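# Remarks on the overall topology
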Amino acid sequence: MASVALREQLNQLLTSMFAEGLLDQQFQQLQMLQDSGSPGFVAEVITLFCEDSERILTELTKVLEQTIVDYQKLDAYVHQLKGSSSSVGAQNVKLACVQFRQFCEETNKEGCIQALNVVKHEYYHLRNKFEKMLQLEQRIQAYDSKQQN
Amino acid sequence: MGSGSTGSGGGERRWWLNRTAVVVVWITASVAILVGLHWYSRVVSIRKAEEGLVSMCEERARMLQDQFAVSVNHVHALAILVSTFHYQKHPAALDQDTFAEYTAGTAFERPLLNGVAYAQRVVHAERENFENQQGWMIKTMKREPSPVQDEYAPVIFSQETVSYIESIDMMSGEEDRENIIKARTTGKAVLTRPFRLLKSNHLGVVLTFPVYRADLSGDATSQERVEATAGYLGGAFDVESLVENLLRQLAGNQDILVNVYDVTNISNPLIMYGPQLPDDFVSLSHISMLDFGDPFRKHQMVCRYSKKPPIPLSAITTPSGVFVICMLTGYILYAAWSRYDNVKEDCRKMEELKKQAEAADVAKSQFLATVSHEIRTPMNGVLGMLDMLLDTTLNSTQKDYAQTAQVCGKALISLINEVLDRAKIEAGKLELESVAFDLRSILDDVISLFSAKSREKGIELAVYVSSRVPEFLLGDPGRFRQIITNLVGNSIKFTERGHIFVQVHLAAHSNQATDAVIEEGLIGHENEACVMSTNLAFNTLSGFEAADSRNSWENFKLLLSNEASMCTSQSKMPYENDSSQVTLIVIVEDTGIGIPLHAQERVFTPFMQADSSTSRNYGGTGIGLSISKCLVELMGGQINFVSRPHIGSTFTFTAVLQRCQIRTNGDTKRPPHCFLPTCFKGVKAILIDRRPVRGAVTKYHLQRLGVKAEVVSNIDLAVSALSGKNGSFISGYGKEPCILLIENDSLCSKEVICLHNQLLEQQRTGSIPEVPKVILLANSESDKTNGVDMVDSVIVKPLRTSTVAACFQQVLGFAQYPSQEKPNGSAFLCSLLVGKNILVVDDNKVNLRVAAGTLKKYGAKVECVESGKDALSLLQLPHKFDACFMDIQMPEMDGFEATRQIRLMESKTNEEAQNGGTLVEENSSRIEWHLPILAMTADVIQATYEECIKCGMDGYVSKPFEESQLYQAVAKFLVSDS
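First things first, this report covers the structure right here in the doc. All values reported here derive from a predicted model rather than from experimental measurement.

## Examining the nonpolar core
With 53 residues, the main nonpolar core has L439, F480, V488, L584 and F653 of chain B as its most contacted residues. Those residues within four positions of F653 of chain B in sequence are excluded, and the remaining contacts are F480, I483, I484, L487, L584, I585, V586, V632, Q638 and I639 of chain B.

The structure is reproduced here in structure tokens:
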């Protein structure tokens, strides 16, 4: 019964994430890809995404801290981040990245720093939700395996 | 624009000047021609007149001269007479009376002479003697006694006409004296200058002839002659009357004036005949010399026209005629020229307008394309959101609203797509793909698309593809499907009862059959009519009448039998020629409301429906058919239809497709239609159907599964077939399972039960080893209940090969194929990707993982690398990969560069293989290395696409993957590759 409740919770979490615009259709696609053949697919992708994003975010911060900003480098990083976020379906992060790139094009340092903050904010917000989600999933799996045992 | 118009205005003015100049030149030239011609004809006429004058003048002169010569000769003769009879006879034989008589008698010989007289030479010494002898005094001209002279020449003989001169001394007259002296020295006839004659007062000349006493030799000196002179014979020529007489005899004497002059003294010509002319009289004249035999005097004749020769009429009419013709020609040319200019100007304007219109049209199409594209993008967002909204918990009203919104949105999207298509076609931007595809599965797709609707309406929807149509064709499956979907969609919309039947044949084959039917129809016409009257139900799919009667069972049967004969005669070669082109003829037949006659001609006009009420009742925009027409024409075919109101419509279109060259490498050993299970080979089926057309359709589906089928029309035949009584093909019935298919309306439920019992009975008696599985073919869900407990399964129409297969699997207990469970698009993808080695290149781990996951889902074996360099090292030839998905933006080596390198590598190897030839042997499965490389990109814009193609990529997919797009992209390479 607890499993059902947990699932309910998970569903609610996902629904709220969709409603908030954190996630989009692509994430649904990912979920659909996860089947008996690859049970941890979504979790794997999410962890990959998180690792990658954090790496990029630190890089971005580093670049922006320098007095002379290498906007090309900056743009490449943001592009990467945008790519991975759109692959995962992290809609808000993606949108923030789009804005970031605009500032990059304009070589607007102020804007970039602001955009970076927005991206960071969105990303951490999403990461929290993802963490919750993964925890719930783990618990569900644990329950399931227990029940099977 | 402004400057252009003024420029052209200036040009026009110049041109006008030019034209005026031309007109002036033309008129001048015409006038010149007029004058020239006139002058010429006058010259000609004058020359003619001159010639006439010359000939007339010469004629007159010769005549005058001749007559004169005759007279002179006669006087000469007289002189000899006188010399002979007066001087050589003694006594003289001549006296005055004889002479007068003789001369009067011979006067006719001398018409020109008034008279002749003879004067004797008398010297002064002999005067007295002479006067005494004659008895009269010698007188002078003045009739006085002559004074003393050296010698005298008194007239002794004279003609009567001139008897008044007798006894007159001729030497007393100045003229005569000169004459006499000249005559006797020369011995020839001598003339005086013209003077007034004594009596007639006419102008005349006197002719004097010497008479010698003795014969003189020709070369006698003048002294001798004077010595020998005896007398003188003279005569007066009345020149005036002479010439007058002469002229009267000749024609045309009115026209010319003749003057005769004595021109011995040239400076002072003496007129002999003719009027004195005024000095200013200038006229054409001719002078002829006259020779009157007098060596001392010269005479000439001058002829003139009495009046100026009239200007001939032709000299005026011909030039004016020519002038008029010139002017007319000029006018015609002028008119033609101005007309030509007008037309040219109009043409130019029209051209300009046409250009504008075309530009406007292109702009319109472009605008349409842009706008539809712009609408589509946000619409996709709206639809996506609606999808998500529907996934959330909604109460029923909200759900209803959302669903309605979604349906509307989808309708809008499809409309926009259609408009976009139309605009693309008009802008000439639509290009057809050339991909291998399976026509039959496309038709199955279409059927499944409309199956819900057809069930709902209770319409039979069926597909039949001739077995002579090749399995795989090269063409644009999407567009082909679009056409058929359009036609079938229309049919569904307008059909409330009956059927919709889609047939595909080879065009040439179909024509043969139709011809055959027509021939048959001619021969067996009565027979046919008979059939028609007895058989109220039509021999079509559903029994309803169809618009195009050619598609009735008779025709269809012929097609089938033709097919069969073809297949048997050329068992391994279902199609007779190997030409790479295949012309398909697709027939979509419905029994709907038909198209009103008045609307039939504008069916293919965009946005045109039969009438406005149509769209109210049935919806739709009327753009579909026009798009279909365009697409068909792009495929090199034609679309036509036959429609009868309230009976139905039959649309027929042809399309030219390429035959797919199936390669003989390892991959093709896979069964050609991999989505269809092949486990039914050898299964036998009996179909009970009283409608032959429908039976043929069902048989077609069964044959696709490899099932041997027989169609019978009722239960009894079926039972006998099962028990092998009729020696039918089931006689070898043994191990293979058998299926009995029953068309729902062919039997009522009672009969089914009856059949069931019969079968059980037969099994008990051992005539059949086991009861065959019975499957009912139902038209709708509601039909399922009809005797459902007596049958093993029910297939709800419309029939699709895959549904039939699924049902068979269920009934016969074969293992399910996983592909059968999946939705269609995924099934295709699966079939394409299963077991394929695919390399995914992306520097973004997340993307990589997602792409790999997606591809793995479709059964592909995926390998991932994170950079272009790694990809290159993996793709060293020979490699095992069937395709490569490549991210474009990567650090170090981007997708474009990597692809270029890969292509370079491949071409090198290919060249070596061609040159060396041995390398090929080792990897014989590949003739040429060409790895399909698909770009993965988030921004799908034209420029990127072009860049992709330029560097040797084969296509692109958007990132993240979209199923349909992925399919489209992959289908190009993997099916044709296999």
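## Quick word on the packing of aromatic side chains
Summed over all chains, the structure comprises 13 aromatic pairs over all chains. Each ring, one from Y118 of chain B and one from F157 of chain B, has its centre 6.0 Å from the other, and the planes form 25 degrees; the classification is stacked. With Y118 of chain B in strand β1 (residues 113–120) and F157 of chain B in strand β4 (residues 155–158), this residue pair connects regions lying 39 residues apart in the sequence. On the basis of relative accessible area, Y118 of chain B is assigned to the buried category, the value being 0%. On the basis of relative accessibility, which here comes to 4%, the residue F157 of chain B falls in the buried class. Clustering of aromatic rings is evident, with ring pairs tying together F18, F27, F49, Y123, Y124 and F130 of chain A. One Lys or Arg, R127 of chain B, reaches over the ring of Y152 of chain B and ends 4.8 Å from the middle of that ring.

## Structural notes on the sheet that holds strand β20 (residues 684–688) of chain B
Residues and elements named next belong to chain B. Strand order in the open sheet formed by 5 strands is β21-β20-β22-β23-β24, and the pairing between neighbours is parallel. Only two strands of the sheet have a single partner each, and these edge strands are β21 (708–712) and β24 (793–796). Here the average twist between neighbouring strands, direction ignored, is 25 degrees. In this sheet, strand β23 (residues 773–778) lies alongside strand β22 (residues 738–743) in parallel orientation, the contact comprising 5 bridges. Bridge pairing in β23 places E743 opposite L777.

## Details of the pairing of strand β27 (residues 883–887) of chain B
Residues and elements named next belong to chain B. Counting buried positions along β27 yields 5 of 5 residues, so the element is predominantly enclosed. The alternating pattern of β27 places A883, F885 and D887 on one face and C884 and M886 on the opposite face, and all of these are buried. Taken together, the 4 bridges between strand β25 (residues 837–841) and β27 define a ladder with parallel strand orientation. Across the sheet, the residue bridging to V841 is M886, located in β27. Inspection of the sheet shows β27 paired to strand β28 (residues 933–937) by 4 bridges, in the parallel sense. If you follow M886 over to β28, its bridge partner there is A935.

## Quick look at the state of the cysteines
Residue and element names in this part refer to chain B. Across all of its chains, the model carries 1 disulfide over all chains by this definition. Between the sulfur atoms of C57 and its disulfide mate C303 the distance is 2.4 Å. On the sign convention where negative is left-handed, the bridge of C57 and C303, at about 85 degrees about the S-S bond, is right-handed. Residue C57 is found in helix α1 (residues 2–87), and its partner C303 is found in strand β12 (residues 299–305); the two are separated by 246 residues along the sequence. Classification of C303 as buried rests on a relative accessible area of 0%.

## Things to note about the side chain of S451 of chain B
Residues and elements named next belong to chain B. Its place among the elements puts S451 in helix α9 (residues 439–457). By relative accessible area, which is 7% here, S451 ends up buried. Within the local environment of S451, its side chain forms a polar contact with the backbone oxygen of S448, the two atoms lying 2.9 Å apart.

## A look at helix α5 (residues 91–106) of chain A
All names here are of chain A. Its 16 residues give α5 an end-to-end C-alpha distance of 23 Å, which sits within 8% of 22 Å, the value for a rise of 1.5 Å per residue. Where α5 is concerned, the buried positions are Q91, N92, V93, A96, C97, F100, R101 and C104. T107 sits one or two positions beyond α5 and adopts a positive phi of about 50 degrees.

Here is what the cut-offs are and how they apply
- Residue numbers here run from 1 along each chain, matching the order of that chain's written sequence.
- Chain labels run from A onward and ligand labels from 1 onward, assigned in the order the entries are written.
- For this predicted model, a pLDDT threshold of at least 70 governs which residues receive local features, and a threshold of 80 or more governs which side-chain atom pairs are given and counted, while totals over whole chains, interfaces and linings are taken from all residues.
- Just so you know, side-chain values use all the structure's heavy atoms and leave hydrogens and water out.
- For this analysis, a nonpolar core means a set of buried residues of the types Ala, Val, Leu, Ile, Met, Phe, Trp, Tyr and Cys, connected via side-chain atoms within 4.5 Å.
- When accessible area is computed with a 1.4 Å probe and restricted to protein chains, residues below 20% of their type maximum are described as buried, those above 50% as exposed, and intermediate ones as partly exposed.
- We call two residues in contact whenever any of their non-hydrogen atoms come within 4.5 Å of each other.
- Note on aromatic contacts: the rings of Phe and Tyr and the six-membered ring of Trp form a pair at centre separations within 6.5 Å, being stacked when their planes are under 30 degrees apart, edge-to-face when over 60 apart, and tilted otherwise.
- Only DSSP runs of H or I reaching four residues or more are called helices, and only runs of E reaching two or more are called strands; each is numbered from the N terminus.
- Note on criteria: charge over ring means Lys NZ or Arg CZ within 6 Å of the ring centre, with the direction from the centre no more than 35 degrees off the ring normal.
- Pairing between strands requires that DSSP locate at least two bridges from one strand to the other.
- Here the axes come from fitting lines to C-alpha atoms, over the contacting stretch only for helices, and the angles between their N-to-C directions go from 0 to 180 degrees.
- Cysteine sulfur atoms that pair up within 2.5 Å are treated as a disulfide.
- We call two N or O atoms a polar contact when they sit within 3.5 Å, provided that within protein one can donate a hydrogen and the other can accept it, with sequence-adjacent residues counted only if both atoms are side-chain atoms.
- Expected helix span is given by 1.5 Å per residue-to-residue step, counting one fewer step than there are residues.

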